[in-house]
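Spelled out, the chains give:
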Amino acid sequence: MTIWQDLLDKAQSVQSREIAELFEKDNRASGFSRETGPFLFDFSKTNIDSETLDLLVKLAEEKGVAARAEAMFTGEKINDTEGRAVLHTALRNLDTDVFVDGENVMPEVRATYARMEAFARDVREGKFKGEGGKITDVVNIGIGGSDLGPAMATLALAPYHDGPRCHFVSNVDGAHIHDTLAGLSPETTLVIVASKTFTTIETMTNAETAKRWMAEKVADPAQQFAALSTAADKTAAFGIDEARVFGFADWVGGRYSMWGPIGLSLMIAIGPEDFADFLKGAAKMDAHFRAADYKDNLPVLLALVGIWHNQFCDYATRAVLPYDQRLARLPAYLQQLEMESNGKRVSMDGKNLPYNSGPVVWGEPGTNGQHAFYQLIHQGTRVIPCEFMVAAEGHEPDLAHQHMLLVANCLAQSEALMRGRSLAEATEIMRKKGFEGDELDRQARHRVFPGSRPSTTLLYPKLTPEVFGGIVALYEHRVFVEGVILGINSFDQWGVELGKELALALAPVLKGEDAGEGKDGSTRQLVARVQSLRG
Ligand SMILES: O=P(O)(O)OC[C@H]1O[C@](O)(CO)[C@@H](O)[C@@H]1O
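These remarks concern the structure in this document. No experiment lies behind these values; they were computed from the predicted model shown.

Evaluation of the coordinates by the stated rule reveals two cavities of 30 Å³ or more. Together, 13 residues line the largest cavity, and G306, H309, R318, P385 and E387 are the ones closest to its centre. At the level of secondary structure, the elements contributing two or more residues to the lining of the largest cavity comprise α13 (298-312), β12 (317-323), β14 (386-391) and β15 (455-460). In terms of residues, the lining of the largest cavity owes the most to one element, α13, which gives four residues.

Pasting the structure below:
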């Protein structure tokens, strides 16, 4: 625990220091920024100094991040509470063979990818038709990892979207599927049921609803269904022809799955060529992660900044703030990626963690967040590290002036968070406005910004498919590194099971088919009120 303790001591000793003062030394900006491919990652506006960085890098070395990463990339069963390999990286490094239990898994991955490409082309070109002709709309029904990735990516890559319209239904709330299907024509709609297990109650319920909706107008609705799943027996039982079933192995975790079949809706939207670029961007990030020294390694550095803030400085949450409207769903995607992966209180060996688990992740696109919750980030009592990201250029050349304003806002926020505004400065401003005496002091104090609030900035040229693939892979590996340092299994999700079990047991209670013996008083009261309100 010595490096850990050294870092705790270090955090204690530097927390009251002004981040801005670190810039008095030469080369703060370049010394605490790193570049790879299209990315510049600037972590200079944090309280990390050279000594801290050295300690953090040593921590990553001591925790065996490199060996664990190699074990992941080469197909070892590192998800050891489920006895599975973790090989989402194999879905985007199609030329590299990988063996699991002595068997090369890549021929099947490549064959499925080729089938996806062919199907996506057929849908886009109108060779695969609905009963009413060319497919105009694709409805992806899935939840969690079978929804958030493709939904986020389809929005992110909207400028490349030249295939049919894509819609994403996840919530078991009937409002979601109702409102989505309301504007669509069943005869020209393709429904993709995306579920690794093909048992998820929300997805299967919505899939049945979609099937009934289609059956009202289409003679053979199953013909307009495709499935993305590891469970071929269940997709067959649902009635989907195996020609339109795109399978994958259990070593693809749900929240890591959009690189393969779960990305089919994205591939149909943007086309196989742009989808290949998206994979290429991620594969480049994989190569960088495997090869670069920790001190120059973007995923490792992003993880170390995260660990520094959460475990050593005790900042419980982090805000992800893309100054990129098309990354509006990235915070939601990262919530699953980070919180389902590292929100665990027991380490690999079954012991309670002696430190915090992964952070609470949240966010919204800037500039909207500025007019909503930034108040608390700037002046609240808690410190919230911010992760800004922004493209130098947008996709709308005739709106370049708006993009400049967007970038200016992004850079200004990190500057404001770091610099703050002192009482003396605030007092001067208010004095010029005519305040004096006690009222001057009172008014000035409301206008003080404490500053020294840490942030990082990820800057990239433009949100192309390749850049976007790199960003997602960067975050995936960041989560991986944080998980290794914390000593937890980032690839299971037992914490979602209890609620699922209880919901299944409560459904008959709500319907009045079961008395709900043994339920607590609050739950019984709520059930009774729902029943009486429903009449
Ligand atoms: O793809 P499936 O099997 O329907 O699962 C959906 C989601 O449900 C979870 O298992 C959590 O309940 C996620 O990990 C997963 O992404």
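In this structure, the largest pocket spans a volume of roughly 1,100 Å³. T197, T200, V496, E497 and K500 are the residues nearest the centre of the largest pocket, which is lined by 39 residues in total. For the lining of the largest pocket, the secondary-structure elements that each account for two or more residues are α9 (201-215), α14 (330-342) and α20 (497-510). Partitioned by chemical class, the residues of the lining of the largest pocket number 14 nonpolar, 16 polar and nine charged.

So, about helix α17 (residues 423-432). Those residues of α17 lying buried are A426, T427 and M430. Along α17, the residues classed as buried sweep out an arc of 100° about the axis, all on the same side. Of the exposed residues in α17, those oriented more than 90 degrees away from the buried face are A424 and K432. Against α18 (437-446) lie the buried residues of α17.

For a regular strand, side chains alternate in direction, first toward one face of the sheet and then toward the other. A large share of β14 lies buried, amounting to six of its six residues. Burial along β14 is two-sided: the residues C386, F388 and V390 and E387, M389 and A391 are all buried. As paired strands, β12 and β14 are joined by five bridges and run parallel to one another. Residue L321 lies in a different strand from β14, and its bridge partner there is F388.

On to helix α5 (residues 65-73). What α5 keeps buried is the set V65, A69, A71, M72 and F73. Elements in contact with the buried residues of α5: α4 (50-62), α12 (272-291) and α19 (465-486). Positive phi appears at G75, one or two residues downstream of α5, with a value of about 90°.

An order of β1-β2-β15-β14-β12-β13 is seen for the six strands of this open sheet, with the pairing classed as mixed. The open sheet has two free edges, formed respectively by β1 (33-36) and β13 (360-363), since each of these has just one partner strand. Across this sheet, the average inter-strand angle for adjacent strands is 15°, counted without regard to direction. Inspection of the sheet shows β12 paired to β13 by four bridges, in the parallel sense.

A few words now on the site of the ligand. Around the ligand, the surrounding shell holds 14 residues, and the nearest of these are G145, S146, S195, T197 and T200. Between the ligand and G145 there is a distance of 2.7 Å, counted from an oxygen atom to a backbone nitrogen or oxygen. One of the side-chain nitrogen or oxygen atoms of Q336 is found 3.2 Å away from an oxygen atom of the ligand. In isolation the ligand offers 400 Å² of accessible surface; the protein chains occlude 89% of this area. Judged by the fraction of its atoms near the pocket grid, the ligand is located in the largest pocket. A per-class count over the shell around the ligand returns two nonpolar, nine polar and three charged.

What counts, and where the lines are drawn
Residues numbered from 1 in each chain as written. Predicted model: local features only at pLDDT ≥ 70, side-chain atom pairs only at ≥ 80, totals over all residues. Heavy atoms only, no water. 1 Å grid on protein atoms, 1.4 Å probe; cavity = no way out; pocket = protein on both sides within 12 Å on 5 of 7 lines; lining within 4 Å. Points joined across faces, edges and corners; volume = space filled by probe spheres on them. Helix = DSSP H or I, 4+ residues; strand = E, 2+ residues; numbered from the N terminus. Nonpolar A, V, L, I, M, F, W, Y, C, P; charged D, E, K, R; others polar. Buried < 20%, exposed > 50% of the residue type's maximum accessible area, 1.4 Å probe, protein only. Arc of directions from axis to C-beta. Contact = heavy atoms within 4.5 Å. Pairing = 2+ DSSP bridges. Axes fitted to C-alpha atoms, helices over the stretch in contact; angles between N-to-C directions. Near = heavy atom within 4 Å. Polar contact = N/O pair within 3.5 Å; in protein donor to acceptor, adjacent residues only side chain to side chain. Areas by Shrake-Rupley, 256 points an atom, 1.4 Å probe, with all protein chains shown as cover. Sits in = over half its atoms within 2 Å of the grid points.

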